[in-house]
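# A closer look at the structure
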Amino acid sequence: MDSDRPWPFEVHQLSQRTLVIIESDRFGELPHIYAVLGPKKAIIIDTGCNTASLRDFLETLSCLEGKEFQVVNTHIHYDHIMGNYGFSMASQRRCRGICQGSRSRAFSENWKANSLQDMVGASILDFAVTDWLDEGARIYLNDDEPTDEESLEILHTPGHTPDSISLYLPAENRLFSGDLIYPGSLFLYLPGSSLEDFRESLHKLRAFIASKPEGCGYFGQFAMAMQADPNLLSRFNAGFSGCPMDQVNRSLLLSCGHIDPELPAKALEELYKLLDDMKQGAAQGRPTRNNLTSFSTRHFTLMCRSEDVSH
């Protein structure tokens, strides 16, 4: 990249181990790319639109110095895989591999047709997938001393695409949701999209989130930190003043593929109710162009094929 041109990436540190990297791209997608840091490697969740080499940019971040990379794609739409090439080249020995979900491998392997690149005029360079991730698989942040707490648990969450996955990080009570969920318009009419799969994935997430006890993630760390620092609780009650944010978490957070890197999971209640109302015929949809019908809540708009919601 021309050294006189600024990088098209904006970095925000969400926690001690998690970064969000927002790309300014020519398609207007502004994809949210995540880096989850372990002692010797960084898990890179999605690779964006290749406006510039993501791999080269990551090399400039001091917090990633000396770390290997392991790429995970939440699904194979163009704005999540265009940077894969930079990690797939034979010369890039610092990359441990590129991973995708195994649920709909045929769909994923046919990314040249299913990535929507032709729809937007994108051109994706070839890459090689090295690992296919099954439901419940874990990617450990520390391969030398693996623990479930410091790992990313794979959930197959189809709907937006049949190959979509989400990744849960217990240590932060954080779910990386890809394009399954983000505030704004959720597209359920694209090739491979399914309203029924989306409904089932939301029910699955509802049960998954409910299974997480209060105190998981940062709260467990907070309790241990209180033992080492008796004054921590008073600072907590005073409004977190001087309290390390890696020791405080109030609820599960959704790190979305677009728009919001920390959406409170309680926002999903809107979708649960909407989907129930749609199934019972109680939701009022708005017909739009191209035989689509939209359903809106405060945070979300579901864009569905009209035939999928007709009764």
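As recorded in an unreviewed UniProt entry, the protein chain goes by the name Metallo-beta-lactamase domain-containing protein 2, listed as coming from Cladocopium goreaui.

### Description of the sheet that holds strand β12 (residues 184–188)
Reading across from one edge, β12-β17-β16-β15 is the order of the four strands in this open sheet, with mixed pairing throughout. For this open sheet the edge positions go to β12 and β15 (286–288), each flanked by a neighbour on one side alone. Within this sheet the neighbouring strands show an average axis-to-axis angle of 30°, counted without direction. Relative to strand β17 (residues 300–305), strand β16 (residues 292–296) runs antiparallel, the two sharing five bridges. Looking at β17, one finds that Thr293 is bridged to Cys304. Packing against the sheet, helix α10 (residues 268–280) makes contact with β12, β16 and β17, and its axis sits at approximately 35° to β17.

### Things to note about the environment of Arg199
Take Arg199: it is sitting in helix α7 (residues 195–210). With 42 residues separating them in the primary sequence, Arg199 and Thr157 have C-alpha atoms 9.8 Å apart. In contact with Arg199, other than residues within four places in its own chain, are Leu275, Met278 and Lys279. For Arg199, the side chain forms a polar contact with the side chain of Glu196, separated by 2.8 Å.

### Describing the packing of α7 against α10
Two elements in contact, α7 and α10, have axes separated by 11 Å at closest approach and are oriented at 135°. In terms of orientation, α7 and α10 fall into the oblique class. The chirality of how α7 crosses α10 is left-handed. In contact with Leu195, Phe198, Arg199, Leu202, His203, Leu205, Arg206 and Ile209 of α7, α10 contributes Leu268, Glu269, Leu271, Tyr272, Leu275, Asp276, Met278 and Lys279. Here the contact of α7 with α10 is composed, by residue class, of 10 nonpolar, one polar and five charged.

### So, the packing of aromatic side chains
Throughout the structure, instances matching the rule amount to eight aromatic pairs. With a centroid separation of 5.2 Å and 75° between ring planes, the pair formed by Phe27 and Tyr78 is classed as edge-to-face. Taken together, the positions of Phe27 in the loop between β2 (18–23) and β3 (32–37) and Tyr78 in helix α2 (residues 78–81) put the pair 51 residues apart, joining distant regions of the chain. Considered together, Phe27 and Tyr78 belong to a single accessibility category, that of buried residues. With centroids separated by 5.1 Å and ring planes inclined at 85°, the aromatic side chains of Tyr168 and Phe208 adopt a geometry described as edge-to-face. One end of the pair, Tyr168, is in strand β10 (residues 165–169); the other, Phe208, is in helix α7, and 40 residues separate them in sequence. A residue is classified by how much of its surface remains accessible, and Phe208, at 12% relative accessible area, is buried. Linked through ring pairs, Trp7, Phe9 and Phe57 together constitute an aromatic cluster. Sitting over the face of the ring of Phe208, Lys212 holds its NZ or CZ atom 4.3 Å from the ring centroid.

### What to know about the sheet that holds strand β5 (residues 68–72)
Across the sheet, which stays open at both edges, the seven strands sit in the order β1-β2-β3-β4-β5-β6-β7 with mixed pairing between neighbours. Two strands close off the open sheet at either side, each with one partner strand: β1 (9–13) and β7 (131–133). Strand-to-strand, the axes of this sheet are offset by a mean angle of 25°, without reference to chain direction. Pairing geometry for strand β4 (residues 41–45) and β5, over five bridges, is parallel. Bridge assignment links Lys41 to a residue of β5, and that residue is Glu68.

### Some thoughts on the pattern of salt bridges
Across all of its chains, the model carries 21 salt bridges by this definition. For Glu68, the salt bridge identified is with Arg96, shortest N-O distance 2.6 Å. Here Glu68, found in strand β5, pairs with Arg96, found in strand β6 (residues 95–101); they are 28 residues apart in sequence, far enough to count as distant. A salt bridge links Glu135 to Lys204; the shortest N-O distance between them is 2.8 Å. Note that Glu135 is positioned in the loop between β7 and β8 (138–140) and Lys204 in helix α7, a separation of 69 residues in sequence. Shared partners join several salt bridges into a network, and the residues in it are Arg17, Glu150, Glu172, Arg174 and Glu262.

Analysis parameters
- Residues numbered from 1 in each chain as written.
- Predicted model: local features only at pLDDT ≥ 70, side-chain atom pairs only at ≥ 80, totals over all residues.
- Heavy atoms only, no water.
- Pairing = 2+ DSSP bridges.
- Helix = DSSP H or I, 4+ residues; strand = E, 2+ residues; numbered from the N terminus.
- Axes fitted to C-alpha atoms, helices over the stretch in contact; angles between N-to-C directions.
- Contact = heavy atoms within 4.5 Å.
- Polar contact = N/O pair within 3.5 Å; in protein donor to acceptor, adjacent residues only side chain to side chain.
- Parallel < 35°, antiparallel > 145°, perpendicular 65-115°, else oblique.
- Left-handed = near helix turned anticlockwise from the far one by under 90°.
- Nonpolar A, V, L, I, M, F, W, Y, C, P; charged D, E, K, R; others polar.
- Phe/Tyr/Trp six-rings, centres within 6.5 Å; stacked < 30°, edge-to-face > 60°.
- Buried < 20%, exposed > 50% of the residue type's maximum accessible area, 1.4 Å probe, protein only.
- Lys NZ or Arg CZ within 6 Å of the ring centre and 35° of its normal.
- Salt bridge = Lys/Arg side-chain N within 4 Å of Asp/Glu carboxyl O.

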